[in-house]
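A closer look at the structure
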Amino acid sequence: MDESSIFGARTAQTRQRKRTFGVYIGRFEPPHNAHLAVMQEALGLVQKLIVVVGSARGARSTKNPFTFEERQTMIAGMLAGAGVARSRVLFVPVRDYFYNESLWLSEVQSGVAAHTRGSSDVALIGHLKDESSYYLRSFPAWEFLPAHVVSPLSATQVRRAHFEGQPTVELVPVQVQDFLDRFRITPDYTELRQEYAYL
């Protein structure tokens, strides 16, 4: 067997072995169909998925309209709807640290460590799509597993439709759509929509 065949066999073997923990980082404002597809792919590669939810603990805004708890509920709901056991999904809220990336990195690592409890069998799942994905290179201790989901869908697109009164039903899982429908009749939505129209 030549060297390239050996390397190919090792790569396939590494890919098939389920890591203990996977880490998926995002803002999920809100979670959408592409997020779900990446999480489903990740759950095929890891035993437990740690979802790091960014921009937590901030005031509502048109860019970050949902609380950490609301996003956690939406993500847990859409994964349950896809048949994923709740015990396989863990959450870490991380706040924004403007102009201090080292603090953000530290909070992500300590939040993940609280779940992994000393295990070094941790993989980072993500897609290097543009400069906004630079953070995927910031965790050298974690194996990087590139996601193979390719989608033009973004949470910005979903928020735009949500605040402009356009349908989002084809952009998000049904559990997220149910949440958005309920959110649309709250005072928070009315206030955010006015802010969105003003901006």
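Reading guide: rules and limits
Residues numbered from 1 in each chain as written. Predicted model: local features only at pLDDT ≥ 70, side-chain atom pairs only at ≥ 80, totals over all residues. Heavy atoms only, no water. Phe/Tyr/Trp six-rings, centres within 6.5 Å; stacked < 30°, edge-to-face > 60°. Helix = DSSP H or I, 4+ residues; strand = E, 2+ residues; numbered from the N terminus. Buried < 20%, exposed > 50% of the residue type's maximum accessible area, 1.4 Å probe, protein only. Pairing = 2+ DSSP bridges. Axes fitted to C-alpha atoms, helices over the stretch in contact; angles between N-to-C directions. Contact = heavy atoms within 4.5 Å. Core = buried A, V, L, I, M, F, W, Y, C linked by side-chain atoms within 4.5 Å. Expected span 1.5 Å × (residues − 1). Arc of directions from axis to C-beta.

Next up on the list: the packing of aromatic side chains. The full count for this structure, using the stated rule, is eleven aromatic pairs. Relative to Tyr135, the ring of Trp104 lies with its centre 6.2 Å away and its plane at 75°, an arrangement referred to as edge-to-face. Highlighted residues: Trp104 in helix 4 (residues 101-116) and Tyr135 in the loop between strand 4 (122-126) and strand 5 (143-146), separated in sequence by 31 residues. Exposure remark for Tyr135: the relative accessible area of 19% places this residue in the buried category. With a centroid separation of 5.9 Å and 15° between ring planes, the pair formed by Phe179 and Phe183 is classed as stacked. Taken together, the residues span about one helical turn, with Phe179 and Phe183 both in helix 6 (residues 174-183) at a distance of four residues. Overall, Phe179 belongs to the buried group, its relative accessible area being 11%. For Phe183, a relative accessible area of 4% puts it in the buried group.

This part takes up the environment of Pro152. The residue Pro152 is located in the loop between strand 5 and helix 5 (155-163) in this model. Judged by its relative accessible area of 79%, Pro152 is exposed. Considering only alpha carbons, one finds Pro152 and Ala56, 96 residues apart in sequence, at a separation of 25 Å.

Ordered by their spatial adjacency, five strands build an open sheet running 3-2-1-4-5, and the pairing between neighbours is parallel. The sheet is open, and its two borders are formed by strand 3 (89-93) and strand 5, each paired with just one other strand. Put simply, the sheet's adjacent strands are angled 30° from each other on average, direction ignored. Each of strand 1 (19-26), strand 2 (46-53), strand 4 and strand 5 is contacted by helix 2 (residues 33-43), which is oriented at about 145° to strand 2, the strand it contacts most.

Turning our eyes to something else, we now look at the nonpolar core. Judged by nonpolar contacts, the single largest core of 40 residues is most densely connected at Met39, Leu49, Val51, Ile75, Leu79, Phe91 and Ile125. Taken together, the elements giving at least two residues each to this core come down to helix 2, strand 2, helix 3 (68-81), strand 3, strand 4, helix 5, helix 6 and helix 7 (187-198). In this structure Leu79 touches Leu36, Met39, Leu43, Val84 and Val89, once residues within four positions along its chain are discounted. Judged by nonpolar contacts, the second largest core, of 18 residues, contains Leu105, Val122, Leu124 and Trp142.

This paragraph deals with helix 4. A rise of 1.5 Å per residue sets the reference length of helix 4, with its 16 residues, at 22 Å; its end C-alpha atoms lie 22 Å apart and thus fit the reference within 8%. Restricting attention to buried positions, one finds in helix 4 the residues Trp104, Leu105, Glu107, Val108, Gly111, Val112 and Thr116. Viewed along the axis of helix 4, the buried residues span an arc of 165°, placing them on a single side of the element. For helix 4, the secondary structure elements touched by its buried residues are strand 1, strand 2, strand 3 and strand 4. Among the residues trailing helix 4, Arg117 stands out with phi positive, at a value near 50°.

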